[in-house]
Amino acid sequence: IDLCEPVHRRYQVAITKVLGKNMDAIVVDSEQCGRDCIQYMKEQRSEPSTFIPLDTIQVKPTNEKLRNLGGTAKLVIDVIRYDPPQIKKALQYACGNSLVCDTMEEARKLCFSGSERHKAVALDGTLFSKSGIISGGASDIKRKAKRWDEKAVDGLKRSRDRYLEELKELNVVRRKEPELNNLTSQINGLETRLKYSKRDRDSSIEQTMSEYNNEAMTIKHELADLAPVVEKLEHQIEERSGKIESYQDKLNVVEDKIFKDFCKSNGLDNIRQYEEKQLSKQQEKAKKRLEFANHQSKLQSQIDFEKRMNTKG
């Protein structure tokens, strides 16, 4: 009943009669799902329910000829609106090729008068079975059929509640509309400021780049002008370096003559070897003095510490 409804109220009793106990049946995707539901209901001690598994039910194809019988006869499944489309198989299982007619007489003729019998139901709920059994529209069927109206009323109530909630939300939005307009105005102002800021930034960047390019060109020209000067200075430096080396060689010759006897007596090739050795010795002595001073400082600190400890003791 939750997944379908008559296309018109006039069919409520007839559809209720045809569906019978399947009106409250539960449609499930698979047989296993139905078994699980039954087991759960047993554990919860719920009342028994009928399950229609879509993957295992056997459904006879709809007899298309019955749609062209004439009169007021219609297939019951054609006067049922359902959603989702997947449950059509369950409705075919529950309704079969049953027909609905406006009058009991027309339903009786369809069932018994022709060469082929058809299950037919009148709008008042009188059902004619192919086996010959006739069941009337009892009051309990009519009470059960009212559930379609109750379902529609419940749906309308839910729609009303939903629309009321939407109305509340709209009222909230309307109350915030001045604030929203203010924010929109601020956003537009900020966008305008951003637009002009970008324009000013681009203009400033272009101007700065132009200044930098001009400055770079000036520096290039200055460097080009300085290049001959630099080249001349480098040439002079090379000449002076050559003269210094020449003077140093002459100085070395003079030193070698002056200190010839001294170097010979000390087994040296030249006085520069002696100077290098003396420099190395002086550096070694300085290093030793520093190490001795550090060691002496550590010993003095230890002695002072021991004295303080003896004084406290």
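Residues numbered from 1 in each chain as written. Predicted model: local features only at pLDDT ≥ 70, side-chain atom pairs only at ≥ 80, totals over all residues. Heavy atoms only, no water.

**So, a nonpolar patch on the surface**
Rule in force here: Patch membership is restricted to residues that have no salt bridge and whose relative accessible area is over 30%. Joining uses 9 Å for like charges and 5 Å for the nonpolar side chains Val, Leu, Ile, Met, Phe, Trp and Tyr. Using the Shrake-Rupley algorithm and a 1.4 Å probe, accessible areas are obtained, with residue cover drawn only from the displayed protein chains. A side-chain nitrogen of Lys or Arg and a carboxyl oxygen of Asp or Glu constitute a salt bridge if their distance falls within 4 Å. Helix numbering and strand numbering both begin at the N terminus, where a helix is a DSSP run of H or I of at least 4 residues and a strand a DSSP run of E of at least 2.
A contiguous nonpolar patch, built from Ile 219, Leu 223, Leu 226, Val 229, Val 230 and Leu 233 and spanning about 510 Å² of accessible area, is present on the exposed surface. One can find Val 229 in helix H6 (residues 177-258).

**Things to note about the environment of Gly 136**
Let me state the cut-off plainly: Contacts are assigned to residue pairs that have any heavy atoms within 4.5 Å of one another.
Topologically, Gly 136 is positioned in the loop between strand E9 (134-135) and helix H5 (139-175). Each C-alpha atom, one on Gly 136 and one on Asp 124, is 8.1 Å from the other, the two residues being 12 residues apart in sequence. Those residues in contact with Gly 136, other than ones at most four positions away along the chain, are Lys 17, Gly 125 and Thr 126.

**Looking at the side chain of Gln 92**
For clarity, the threshold we go by: Polar contacts, as used here, are pairs of N or O atoms within 3.5 Å; protein pairs need one atom able to donate a hydrogen and one able to accept it. Residues neighboring in sequence count only if both atoms are side-chain atoms.
You can see Gln 92 is positioned in helix H3 (residues 88-95). A polar side-chain atom of Gln 92 sits 3.2 Å from a polar atom in the side chain of Thr 62. Residues within four places of Gln 92 in sequence aside, it is in contact with Val 59, Thr 62 and Ile 77.

**Describing the packing of aromatic side chains**
Defined as follows: Here a pair means two rings of Phe, Tyr or Trp (six-membered ring of Trp) with centres within 6.5 Å. Their orientation is stacked below 30 degrees between planes, edge-to-face above 60, and tilted elsewhere. Buried residues are those whose accessible area, probed at 1.4 Å on protein chains only, stays under 20% of the maximum for their type, while exposed residues exceed 50% and partly exposed ones sit between those limits.
This structure, assessed with the given rule, holds 1 aromatic pair. For the pair Phe 112 and Phe 128, a centre-to-centre distance of 6.0 Å together with 85 degrees between the ring planes defines the contact as edge-to-face. Here Phe 112 is found in helix H4 (residues 104-112), whereas its partner Phe 128 is found in strand E8 (residues 127-128), with 16 residues between them in sequence. Since its relative accessible area comes to 25%, Phe 112 is described here as partly exposed.

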